[in-house]
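What follows is each chain in one-letter form.
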Amino acid sequence: MNAYDSERERTFEALPPAHGRGFAQSWWGRAWLAALEGGALDGEQVRTGRRLARAGAVGAVSVRPGRITAVVQDRDGTGYRADVLLDVLTDAQWDRFLDLTVERAGHVAALLDREMPPHLVEDVETAGIELLPGLGDLEAECGCDAWDHCGHTAALCYQVARLLDQDPFVLLLLRGRAEQSLLADLQARSTAVPTEPEPAPQEGVDAVEAYLAGHVLPPLPAVPKLPEQPGVPPALDTEAPPPGNVEPAALEALAARTAAQAHALLAEAVRGGVDRRGPAWALTVGEDAVRLAAGLAGEGDGDTDSTRSVLDRLAAGTGRSREQLALAVRAWRTGGVAALAVLEEEWAVEGEALARARAALDTAWEEDERPVLRERGNRWTVAGPSGQLRLGRDGRWWPYRKERGRWVPAGDAAQDPATALAAVGSEAAEGAEGIEEALS
């Protein structure tokens, strides 16, 4: 960076085009651009300025207190004088800035290394001194007579961001103090103020500095692609005997189902959908046991001794027999929590709910097609054929059929009882046999 300096003005030669690179690499340079991009009223003009700056259309840049100036070549070759104005600090504000700077020896060292320490910016902001520009602080004047930021003044701001990356004293001059006089004042104060001992160097990034620079960090990277399959938990088959209260097979099964559930939730989030069964952390112990059993049964390894052992524990732990757990799994696979409640809960339908249910049944079929139904609680059983309708508390109807002397779920719920009952005559749900075998 070549510059022609005087005490109150610095002029920098035109920079080459910025093809394939960003305009601001430092956090203070990004803060400068954030003030431009967030404060300009016309985003298209800002984008035009970015293209002009990237193409090298900005000439030599003059920096002096309160103003930066350059001639910017438009796309048709016409040159316009562009000025960007920023308020200078008062003498009282500069005195406070100098006092705060010399309070920490690291501040002066960072400035001499052409770095803008975030701690210093935070300290002066706490004292009411805005060193970096905020939204609306960068005022524009251009020979094209635009009343707000145009492509020419925006291009100038982008170019200045590159200068700020290399030398933060450019910002300090724009705020009213030249580098040499500023360093002289700092030197005078340093001899009068005892400096704190330099802290021992630490590895990594200071948390406070990272937090202060957070609002000007680049955007987060794109979301990684969803893995095709859930992760595989580590095997627990070791030579060391497990503790007496830990069953490795159960722990492996729980880890595998947790990975599968996490994968399913991530897939739902990526697709923007909602799992109708509800999140696992909203389930009761009994419901979650059925969820786990549904994942284990019928996955191809349901007939292994370890899987059978885990299923036995899930049944016993929730007070169910193997047959009851098999039915619960079958219900879960048709409709999650709601279907499980319909399977295991019989309740009295009364009042307005009963009136709505009977009205739905009366209008569901033509007069000559209406089946004869025997009512008990929330269950209406077809006289003759082995079919049943169960009313859920949400007003939906669930179809049931009789298999081997027991009522089993026959399909998903429907708002119309005739539609639900039609599912009773269809074939058994796919995979039901695998569930029965795993839990028999």
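This report concerns the structure included in the present document. Quantities reported herein were computed from a predicted structural model and do not represent experimental measurements.

The rules behind the values
- Residues numbered from 1 in each chain as written.
- Predicted model: local features only at pLDDT ≥ 70, side-chain atom pairs only at ≥ 80, totals over all residues.
- Heavy atoms only, no water.
- Helix = DSSP H or I, 4+ residues; strand = E, 2+ residues; numbered from the N terminus.
- Buried < 20%, exposed > 50% of the residue type's maximum accessible area, 1.4 Å probe, protein only.
- Contact = heavy atoms within 4.5 Å.
- Areas by Shrake-Rupley, 256 points an atom, 1.4 Å probe, with all protein chains shown as cover.
- Core = buried A, V, L, I, M, F, W, Y, C linked by side-chain atoms within 4.5 Å.
- Pairing = 2+ DSSP bridges.
- Axes fitted to C-alpha atoms, helices over the stretch in contact; angles between N-to-C directions.
- Salt bridge = Lys/Arg side-chain N within 4 Å of Asp/Glu carboxyl O.
- Expected span 1.5 Å × (residues − 1).
- Arc of directions from axis to C-beta.

Okay, the overall build of the protein next. Helix and strand content of the protein: 16 helices and 11 strands. With 440 residues in all, the protein has 42% of them scored as buried. Considering only residue pairs separated by 6 or more positions, the protein has 65% of its internal contacts joining residues 24 or more positions apart. Carbon and sulfur atoms provide 52% of the accessible area of the protein, an area that totals close to 23,600 Å².

What follows concerns the nonpolar core. Core analysis: the largest hydrophobic core is formed by 60 residues, its most contacted members being Trp32, Phe97, Leu131 and Leu156. Here this core gets 9 residues from one element, more than from any other, and that element is helix H6 (residues 151–166). Filtering out sequence-adjacent residues up to four positions away, Leu131 remains in contact with Leu89, Phe97, Met116, Val121, Val124, Leu171, Leu172 and Arg175. In terms of nonpolar packing, the next biggest core, distinct from the first, is built from 28 residues, Ala253, Val310, Leu314 and Ala315 among them.

Now for the sheet that holds strand S8 (residues 379–382). Reading across from one edge, S7-S8-S9-S10-S11 is the order of the 5 strands in this open sheet, with antiparallel pairing throughout. Taken across any chain shown, the strands that pair with only one partner, and hence form the sheet edges, are strand S7 (373–376) and strand S11 (406–409). Strand-to-strand twist of the sheet, defined as the mean angle between neighbouring strand axes without regard to direction, takes the value 30 degrees. As paired elements, S8 and strand S9 (residues 387–391) share 3 bridges and run antiparallel to each other. Within S9, the residue paired with Thr381 across the bridge is Gln388.

Counted under the stated rule, the structure contains 26 salt bridges. Between Glu141 and Arg67 there is a salt bridge, with the nearest N and O atoms lying 3.2 Å from each other. Highlighted residues: Glu141 in strand S6 (residues 139–142) and Arg67 in strand S4 (residues 67–73), separated in sequence by 74 residues. Its relative accessible area of 39% is what places Glu141 among the partly exposed residues. On the basis of relative accessibility, which here comes to 21%, the residue Arg67 falls in the partly exposed class. The network of salt bridges with common partners includes Arg10, Arg114, Asp167 and Glu179.

This part covers unusual backbone geometry. For Arg114, which is not a glycine, the phi torsion comes out positive at approximately 65 degrees. Relative to the helices and strands, Arg114 is located in the loop between helix H4 (105–112) and helix H5 (118–126). In this model, Arg404 sits at a positive phi of 50 degrees, which is unusual for a non-glycine residue. Relative to the assigned elements, Arg404 resides in the loop between strand S10 (397–403) and S11.

With that out of the way, let us pick up the environment of Gly425. Mapped onto the elements, Gly425 comes out in the loop between helix H15 (417–422) and helix H16 (432–439). The class of Gly425 is exposed, set by a relative accessible area of 71%. Along the primary structure Gly425 and Ala410 are separated by 15 residues, whereas in three dimensions their C-alpha atoms are 8.5 Å apart.

This next bit is on helix H14 (residues 351–364). With 14 residues, H14 should cover 20 Å at 1.5 Å per step; its first-to-last C-alpha distance of 20 Å lies within 8% of that length. Where H14 is concerned, the buried positions are Leu354, Ala357, Leu361 and Ala364. The arc that holds the buried residues of H14, viewed along the axis, is 100 degrees, so those residues lie on one side. Away from its buried face, by an angle of more than 90 degrees, H14 presents the exposed residues Gly351, Glu352, Arg356 and Thr363. Next to the buried residues of H14 lie S7, S8, S9, S10 and H15.

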